[in-house]
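Below, each chain spelled out in residue letters.
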Amino acid sequence: MRIWVDGALRDAGSAQVSVFDHGLTVGDGVFETLKAERGTAFALTRHVDRLTRSARGLGLPDPDADEVRRACAAVLEANPMPLGRLRITYTGGISPLGSDRGDNGPTLVVAVGETTRRPDTTAVITVPWVRNERSAVAGLKTTSYAENVVALAAAARAGASEALFANTVGRLCEGTGSNVFVVLDGELHTPPVTSGCLAGITRALVVEWAGAKETDLPFEALEQAEEVFLTSTLRDVQAVHRVDGRTTAAAPGPVTAEAMRTFDAHAGADLDP
């Protein structure tokens, strides 16, 4: 495995980041995960743009977009695989042992790992913890992922692949690493970014391509929905057949199936939409 670390490709054994890196000590960093098929990253421009927005939200200097692109291309060329999870990580760099950021400059790491296509349907659970829509990092894709780790472990124990959160005022928000869509009275809805959810790349494409409405929804909409599906970089559009103990109608339902077809057609026609 060859990994890009601070300006060069390195073998996995020598691809090292300092133990004083702020991304490790306090989670001061941002990241992007991209789907890579046969050496080409999907929606790279949108992901690099969001990486920059997240970095600005943390007060980090803008990443060098050209370097990020070179790093992604180099890593994919060095590690050929049919389907990969490409991760760009950008942190505050070497810093003191505390919340203050140092002046050594940021760290950039790009790595890829082989993955497989997701199943067409999955099960999810709801969790009692909430997203804070008023947080200083709401809507940023940061490396501070501990609450997602806890919630996802709870989902795994329940035989599910994802956990869904409400926000602090009881509105439907998102999953640990996905956005959620529901079908109500035949219409497709997803929570707005003001709910505190991440502005997902796949979410935005489904809103655009499938005509979903961004709607402020109660968390109970999951119980009322005729269909539920998730979106994310590696899930694309994935139908949900069970929410907690409730089995939804035959999944994927007609609206979900159409969204899946629409996404596949558009994504296949343009790898950097």
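> Help me out: how do you make sense of the overall build of the chain in this one?
Of the regular secondary structure elements, the chain holds 7 helices and 15 strands. In summary, the chain has a C-alpha radius of gyration of 19 Å against a globular reference of 19 Å for 273 residues, a match within 12%. Overall, the chain is about 55 × 40 × 30 Å in size when its C-alpha atoms are taken along their principal axes. Per-residue burial for the chain yields a buried fraction of 49% across its 273 residues. At a minimum sequence separation of 6, the contacts of the chain that also span at least 24 residues come to 69%. Across the chain, 26 positive and 35 negative side-chain charges occur, with their mean positions spaced 2 Å apart.

> Would you mind going over the pairing of strand 8 (residues 162-167) with me for this structure?
Two faces belong to every sheet, and in a regular strand the side chains alternate between them. Most of strand 8 sits out of view: 6 of its 6 residues are buried. Burial along strand 8 is two-sided: the residues Glu162, Leu164 and Ala166 and Ala163, Phe165 and Asn167 are all buried. Of the strand pairs in this sheet, strand 7 (residues 121-131) and strand 8 are connected by 5 bridges, and their pairing is parallel. Among the inter-strand pairings, Thr126 is bridged to a residue of strand 8, identified as Leu164.

> Even after reading the chapter, I still don't get the packing of aromatic side chains, so can you show me in this structure?
What characterises a pair of aromatic rings is the spacing of the ring centres plus the angle enclosed by the ring planes. For the coordinates displayed, the defined rule picks out 4 aromatic pairs. The interplanar angle of 70 degrees and the centroid separation of 6.2 Å between the aromatic rings of Phe42 and Phe263 together place this pair among those described as edge-to-face. Note that Phe42 is positioned in the loop between strand 4 (40-41) and helix 2 (44-58) and Phe263 in helix 7 (residues 254-269), a separation of 221 residues in sequence. Per residue, the accessibility class of Phe42 equals that of Phe263, and both read buried.

> Mind showing me how you'd approach the sheet that holds strand 4 here?
Whether parallel or antiparallel, the strands of a sheet pair through hydrogen bonds between backbone atoms. With antiparallel pairing, the 6 strands of this open sheet are ordered in space as 2-1-6-5-3-4. This sheet does not close on itself; its edge strands, each paired only once, are strand 2 (8-11) and strand 4. Summarising the sheet, strand 1 (residues 2-5) and strand 2 pair through 4 bridges and their orientation is antiparallel. Each bridged residue has a counterpart across the sheet, and for Val5 the counterpart in strand 2 is Ala8. Across the face of the sheet, helix 2 comes into contact with strand 3 (29-37), strand 4 and strand 5 (83-91) while running at roughly 170 degrees to strand 3.

> Explain helix 7 to me, please; I cannot follow it from the model alone.
Every α-helix carries 3.6 residues per turn, so stepping three or four residues along brings you back to the same face. In a regular helix each residue adds 1.5 Å, so 16 residues correspond to 22 Å; helix 7 covers 23 Å between its end C-alpha atoms and thus fits that length. Taken together, the buried positions of helix 7 are occupied by Thr256, Ala257, Ala259, Met260, Thr262, Phe263 and Ala267. Elements in contact with the buried residues of helix 7: helix 5 (201-210), strand 13 (227-232) and strand 14 (236-243).

> Whenever I open this one, the nonpolar core confuses me. Can you help?
Buried together is how nonpolar side chains tend to be arranged in soluble globular proteins. Ranked by internal contacts, the top residues of the largest apolar core, which has 23 residues, are Leu86, Ile88 and Val110. Of all the secondary structure elements, the ones that give two or more residues to this core are strand 3, helix 2, helix 3 (65-78), strand 5 and strand 6 (107-114). Counting residues in each nonpolar core, the second largest holds 17 residues, with Ala43, Leu205, Val207 and Val237 among its members.

> Please explain helix 2 as it appears in this structure.
Taking 1.5 Å per residue, 15 residues should reach 21 Å; helix 2 reaches 21 Å between its end C-alpha atoms and fits that length. Every buried residue of helix 2 is accounted for by Leu44, His47, Val48, Arg50, Leu51, Thr52, Ser54 and Ala55. Residues of helix 2 that are buried make contact with strand 3, strand 4, helix 3, strand 5 and helix 5. Downstream of helix 2 by a residue or two, Gly59 has a phi angle that is positive, lying close to 85 degrees.

> Please explain the environment of Asp11 as it appears in this structure.
Summarising the element assignment, Asp11 is placed in strand 2. By relative accessible area, which is 44% here, Asp11 ends up partly exposed. Asp11 sits 10 residues away from Met1 along the chain, and the two C-alpha atoms are 6.1 Å apart. Discounting chain neighbours no more than four positions away, the residues touching Asp11 are Met1 and Arg2.

> Looking at this structure, how should I read the pattern of salt bridges?
Pairing between side chains of opposite charge can happen when their charged atoms approach one another. Evaluated as defined, the whole model comprises 15 salt bridges. Between Arg261 and Glu258 there is a salt bridge, with its nearest N and O atoms 2.8 Å apart. Residue Arg261 and its partner Glu258 are located together in helix 7, separated by 3 residues, close to a single helical turn. Salt bridges sharing partners connect three or more residues here, namely Lys35, Glu37 and Asp236.

Criteria and thresholds
Residues numbered from 1 in each chain as written. Predicted model: local features only at pLDDT ≥ 70, side-chain atom pairs only at ≥ 80, totals over all residues. Heavy atoms only, no water. Helix = DSSP H or I, 4+ residues; strand = E, 2+ residues; numbered from the N terminus. Rg over C-alpha atoms; globule rule 2.2 N^0.38 Å. Buried < 20%, exposed > 50% of the residue type's maximum accessible area, 1.4 Å probe, protein only. Contact = heavy atoms within 4.5 Å. Lys, Arg positive; Asp, Glu negative; His and termini not counted. Charge placed at Lys NZ, Arg CZ, Asp CG, Glu CD. Pairing = 2+ DSSP bridges. Phe/Tyr/Trp six-rings, centres within 6.5 Å; stacked < 30°, edge-to-face > 60°. Axes fitted to C-alpha atoms, helices over the stretch in contact; angles between N-to-C directions. Expected span 1.5 Å × (residues − 1). Core = buried A, V, L, I, M, F, W, Y, C linked by side-chain atoms within 4.5 Å. Salt bridge = Lys/Arg side-chain N within 4 Å of Asp/Glu carboxyl O.

The values are spatial; any link to function lies outside them.
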